[in-house]
Amino acid sequence: MSSQPHIVLPWTVRRTRLPLLSLRCVDCGTASATTGEGRFRVNANGKLLDVWLLVRCVRCDRTNKLTVHERVPVREVDAVALRGYRDNDPGLVAETLLNPLFAHRNGFGLDWAGAWRLLGPPVPLDGDWPVRVEVSFDDPAPVRPDRLIAHGLGLSRGEVVRRVKCEVSLRRTTSRAFSFTVLAGD
Ligand SMILES: [Zn+2]
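The rules behind the values
Residues numbered from 1 in each chain as written. Predicted model: local features only at pLDDT ≥ 70, side-chain atom pairs only at ≥ 80, totals over all residues. Heavy atoms only, no water. Core = buried A, V, L, I, M, F, W, Y, C linked by side-chain atoms within 4.5 Å. Buried < 20%, exposed > 50% of the residue type's maximum accessible area, 1.4 Å probe, protein only. Helix = DSSP H or I, 4+ residues; strand = E, 2+ residues; numbered from the N terminus. Contact = heavy atoms within 4.5 Å. Domains from an automatic or database assignment. Pairing = 2+ DSSP bridges.

Colleague: Account for the nonpolar core, with residues named and values stated.
Modeller: Nonpolar side chains in soluble globular proteins tend to be buried together. Among the nonpolar cores identified, the biggest contains 25 residues, and Trp11, Val123, Val135, Leu148, Ile149, Leu153 and Phe180 are the most heavily contacted of them. Put simply, the parts of the chain that give this core at least two residues each are β1 (7-15), β8 (131-137), α4 (145-153) and β10 (178-182). When near neighbours in sequence (up to four residues on either side) are disregarded, Phe180 contacts Trp11, Val131, Arg132, Val133, Val135, Ile149, Leu153, Val164, Lys165 and Cys166. In terms of nonpolar packing, the next biggest core, distinct from the first, is built from 23 residues, Leu23, Leu53, Tyr85 and Ala103 among them.

Laid out in structure tokens, this is it:
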């Protein structure tokens, strides 16, 4: 069946908590840290400002400081952001942690395992028409399309390969929107 899909359904990938950080602890060697409740530390030194995001080793609780701003003139820091740093604004904690530049500068990766879920309506698998599903990401959790689709449809990965046409590689991890089509049942 090659006609255009009659049904289009939305799926969304959304985080359920902040991902862990892959960051080796200098005390115990564990390679996982958390932002916990998400706290910044702000230090004003004259007209210069340092801002760090505090993270904690998941095993030994050692606190590590990740640099957000280093010796920047106070007037160059956005006033709303500065208030957010001082108030430990959860949205700003998430925005900071998920900023790829921040991760790169501080040398950590994000561990998204168990930190997101898939939202969306069930997909009819035995209809007479193909169904298109448009997958969007509210948060940049990396997923493998074949695993996500198998999970979302309740099919095996082999069945996914047989019944799903996807515009992106099924096996290449992505956190960018994509869509796929489930062919009609036999
Ligand atoms: Zn540790």
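Colleague: Quick rundown of the domain arrangement of the protein? Include the residues and the values.
Modeller: Parsing the protein into structural domains produces domain 1 (7-15 + 114-182) and domain 2 (20-111). If you average the C-alpha positions of domain 1 and of domain 2, the two centres end up 33 Å apart.

Colleague: Can you tell me about the pairing of β1, naming the residues and giving the values?
Modeller: Bridge count between β1 and β8: seven bridges; the pairing is parallel. Residue Leu9 lies in a different strand from β8, and its bridge partner there is Val133. Here β1 pairs with strand β7 (residues 116-119) via four bridges, running antiparallel. Counterpart to Val13 in the pairing with β7 is Leu118.

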